[in-house]
Amino acid sequence: MDGRTGRDEPDAGRGTPAVVVDVDGLDRMIRGLARAGYRVVGPVARDGAVVLDDVDGVADLPAGVGDEQDAGRYRLTGVAGGALFAHTVGPHSARRFLSPPRRTLWSAARDGDGFTVDGPAADDPPVALVGVRGCDLAAIAVQDRVRQRSPHPDPACASARARAFVVAVDCARPASTCFCTSTGTGPAAGPGHDLALTELTDAHGHRFVVRVGSDRGAAALAGVPWRPATAADLDAAARVVGDAAGRITRRLDPARARDVLAAAPEHPHWDDVARRCLSCANCTLVCPTCFCTAVEDVTDLAGGHASRVERWDSCFTLDHSYLHGGAVRGSTRSRYRQWLTHKLSTWWDQFGETGCVGCGRCIAWCPAGIDLVAEVAAIAGAPGESGP
Amino acid sequence: MSTATRRPTLAVWKFASCDGCQLTLLDCEDELLAIADAVEVAYFLEATRATVEGPYDLSLVEGSVTTPADAERIRSVRAASRRLVTIGACATAGGIQALRNFADVEEYLGIVYATPSYIETLSTSTPIAAHVPVDFELRGCPIDRGQLLEVVNAFLNGRAPEIRAHSVCVECKARGNVCVTVAHGTACLGPITHAGCGALCPSYHRGCYGCFGPSESADPRALGDELRRRGTDDVDLVRMLRTFNAAADAFRAESTRLERAPR
Ligand code: SF4
Ligand code: SF4
Ligand code: SF4
Ligand code: SF4
């Protein structure tokens with residue numbers, strides 16, 4: 001790429017001119033992040049899906065790989081042009097790296113008649129997340145607000161989040177499960193990134209229009225060849241995002257969903273969902289805003305050492321609502337109602353917003369193909385897709 | 001625990017089974033010494049011929065009850081055990097041999113044995129809990145090594161075992177697997193199967209076989225409806241439900257229903 005390299009960092013902040021880097025530039029940026037001490041995580045095609053995993057450079061990214069998604073169904077497809085970000089979201093999200101499925105909170109060793117607590121574990125290296133979509137950027141912010149409301153925010157999660165570097169990407173090929181235009185979270189990546197990319201694969205070459213969102217983002221471009229974006233680049237980028245938005249047809253009005261569900265605790269449709277729902281918990285475990293965890297205590301055989309481990313939990317397990325004597329939400333009906341009502345209605349009461357960012361993961365990864373948008377429509381009595 | 005305290009005694013019992021679950025205890029190579037330090041192995045014929053008279057503090061029972069003699073023997077084991085934990089699909093659900101519960105045992109005997117009258121057997125294979133009270137049931141065919149250690153460990157430390165009865169899907173997602181049903185169209189029993197294996201089969205791109213039996217809220221009928229939509233026929237559904245946990249209530253009820261009212 002012609003133009004300047006490196007040393008000159010583009011200025012940070014919104015309103016600053018976007019720059020353009022090519023594929024090699026992106027590769028250098030990723031390698032630079034690794035050199036700066038980040039664990040770089042990005043989209044990787046594996047086992048028939050695009051998942052998030054460690055990446056060394058652009059060669060690891062899923063070039064020419066797209067996805068087709070529908071209720072209970074996900075398939076990879078080939079996409080002409082070799083775009084690196086032609087897919088949308090897969091089963092993993094940032095949550096997996098910012099609050100992992102299982103981690104030790106603290107441990108202690110028996111010491112005479114008492115015990116000593118082991119010091120806090122050393123911080124893991126900070127994570128750089130490459131390819132974060134608008135919906136997931138919004139989900140990271142939702143999780144931030146959940147944590148901020150906690151009287152005891154988890155220091156390890158807060159630190160992992162604060163140190164995380166985020167390279168967002170605008171979506172070009174939304175899946176049929178996406179509805180970020182309803183939640184206002186996509187297909188363009190909103191605020192909260194360090195860098196945000198729009199991938200272009202037109203006649204002017206495979207390149208990325210890069211918006212700089214923070215000083216850290218600007219610093220990450222040092223050593224990367226870039227040139228200022230032209231009006232033509234910016235037009236092309238706007239068209240990619242505009243076309244993507246135009247292809248999203250799934251709709252959910254978050255404010256209306258809040259009211260509909262608040263008024264429907266005894267709606268007969270809950271019985272209909274309960275006949276299909278498996279209480280398997282997949283929806284909650286793929287949802288990027290779900291935050292429930294449980295703790296378990298682990299001891300060694302001799303009783304000399306114990307540790308407390310946190311692991312992902314779900315409102316679909318019986319233990320989640322276990323009080324002395326039994327589970328409060330003993331039926332699948334009550335558990336599905338809890339999930340949907342919390343996500344779309346009582347989340348407003350608790351956190352002042354909807355808990356859904358419109359990513360569609362819970363629709364695609366439900367093995368029973370249950371579609372929350374269709375269920376809300378059925379409860380609202382609105383025309384729309386009906387359940388299967 | 002001071003060293004002067006008597007170590008709790010452990011007994012391991014075998015009923016109708018393949019020995020695989022007991023073997024799991026011997027498989028705990030790294031932890032075997034710690035186990036031997038923590039408990040006195042008082043009765044474990046697979047490991048040692050030396051036996052210590054009961055009563056026993058902890059009995060692990062493998063296998064199902066398939067003969068009148070075993071139906072009696074399990075009562076004496078219970079009477080000699082302070083805590084009795086059943087291990088494996090045979091002991092907790094009747095095992096693969098519970099396929100006889102769906103068939104005519106007399107007919108089997110006639111086909112298999114030259115002199116059927118020599119064979120004294122029951123017409124069903126039943127879990128230990130159908131005969132005596134059980135303190136804890138550890139699922140799996142075979143059981144998971146880590147879970148067995150956890151049960152022994154919990155017993156030694158006087159706490160409840162950390163064994164969860166939710167679906168295999170929870171472990172599958174925690175592990176970061178790509179769902180074989182959603183992404184490959186492979187039939188998987190994970191949504192109705194009790195966790196414990198760490199989603200072993202989906203991790204190798206296979207559907208879950210249901211080795212740990214029904215999960216806490218298993219709804220095989222709902223899963224069957226969905227798998228049928230995805231192209232699994234009723235004959236295959238019955239076959240999937242009738243393996244090591246064929247006689248577990250939720251699996252048995254649905255396979256029986258499907259057989260009676262095929263679509
Ligand atoms: S509820 Fe579903 S669509 Fe909404 S954020 Fe969660 S997984 Fe995505
Ligand atoms: S919901 Fe929107 S932002 Fe998220 S993957 Fe789909 S198109 Fe992209
Ligand atoms: S809605 Fe789907 S993914 Fe969620 S628990 Fe029910 S069957 Fe599982
Ligand atoms: S592969 Fe099987 S166990 Fe794993 S999430 Fe899918 S249905 Fe559940």
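Each value, and the rule that gives it
- Residues numbered from 1 in each chain as written.
- Chains lettered and ligands numbered in written order.
- Predicted model: local features only at pLDDT ≥ 70, side-chain atom pairs only at ≥ 80, totals over all residues.
- Heavy atoms only, no water.
- Helix = DSSP H or I, 4+ residues; strand = E, 2+ residues; numbered from the N terminus.
- Buried < 20%, exposed > 50% of the residue type's maximum accessible area, 1.4 Å probe, protein only.
- Contact = heavy atoms within 4.5 Å.
- Near = heavy atom within 4 Å.
- Nonpolar A, V, L, I, M, F, W, Y, C, P; charged D, E, K, R; others polar.
- Pairing = 2+ DSSP bridges.
- Axes fitted to C-alpha atoms, helices over the stretch in contact; angles between N-to-C directions.
- Buried area = accessible area lost by both parts, 1.4 Å probe.
- Salt bridge = Lys/Arg side-chain N within 4 Å of Asp/Glu carboxyl O.
- Polar contact = N/O pair within 3.5 Å; in protein donor to acceptor, adjacent residues only side chain to side chain.

**Q** A description of the overall build of chain A should follow, citing residues and the corresponding values.
**A** Scanning chain A from terminus to terminus reveals 13 helices and 17 strands. Judged by the C-alpha coordinates and their principal axes, chain A covers about 70 × 65 × 35 Å. Burial status across chain A gives 55% buried among its 388 residues. In chain A, the proportion of contacts linking residues at least 24 apart, taken out of those at least 6 apart, comes to 71%.

**Q** Quick one: what's the story with the site of ligand 3, residue by residue and with numbers?
**A** Close to ligand 3 lie 13 residues, the nearest being A:Cys277, A:Leu278, A:Cys280, A:Cys283 and A:Cys366. Within the shell around ligand 3, the residues separate by chemical class into 11 nonpolar, 2 polar and no charged.

**Q** Give a description of the sheet that holds strand β15 (residues 305–312) of chain A that names residues and reports values.
**A** Residue and element names in this part refer to chain A. As summarised here, the arrangement of the 4 strands in space is β8-β7-β15-β14, forming an open sheet in which the pairing is antiparallel. Each edge of the open sheet is held by one strand with a lone partner, namely β8 (114–117) and β14 (293–299). For this sheet the average axis-to-axis angle between neighbouring strands, irrespective of direction, equals 25°. Here β14 pairs with β15 via 7 bridges, running antiparallel. Directly across from Val295, in β15, lies its bridge partner Glu310.

**Q** Which residues make up the interface of chain B and chain A, and what are the values?
**A** Between chain B and chain A, the residue contacts involve 36 residues of the former and 42 residues of the latter. Taking both partners together, chain B and chain A bury about 3,100 Å²; carbon and sulfur atoms supply 53% of that area. Area buried by chain B at its contact with chain A is led by B:Lys173, B:Val178 and B:Val182, which between them contribute 20% of it. The interface formed by chain B and chain A contains 1 salt bridge. For the pair chain B and chain A, the number of links is 19 residue pairs in polar contact (both at pLDDT 80 or more). Among the secondary structure elements, those contributing two or more residues to the side of chain B that touches chain A are α2 (29–38), α6 (145–156), α7 (168–175), α8 (180–184) and α10 (220–229) of chain B. Among the elements that take part in the side of chain B that touches chain A, α7(B) stands out by supplying 5 residues, more than any other. For the side of chain B that touches chain A, the residue count by class is 16 nonpolar, 10 polar and 10 charged.

**Q** An account of the pairing of strand β4 (residues 49–54) of chain A is requested, with residue identities and associated values reported.
**A** As judged from the 6 bridges shared by strand β3 (residues 39–46) of chain A and β4(A), these two strands associate in the antiparallel manner. Opposite A:Val44, over in β4(A), you have A:Val51 as the bridge partner.

**Q** Talk me through the site of ligand 4; I want residue IDs and the actual numbers.
**A** Around ligand 4, the neighbouring residues are A:Asn282, B:Val168, B:Cys169, B:Cys172, B:Lys173, B:Cys179, B:Val180, B:Thr181, B:Cys188, B:Gly190, B:Pro191 and B:Pro202. What surrounds ligand 4 is not a single chain but chains A and B. It is α7(B) that provides the largest number of residues to the shell around ligand 4, a total of 4 residues. By residue class, the composition of the shell around ligand 4 is 8 nonpolar, 3 polar and 1 charged.

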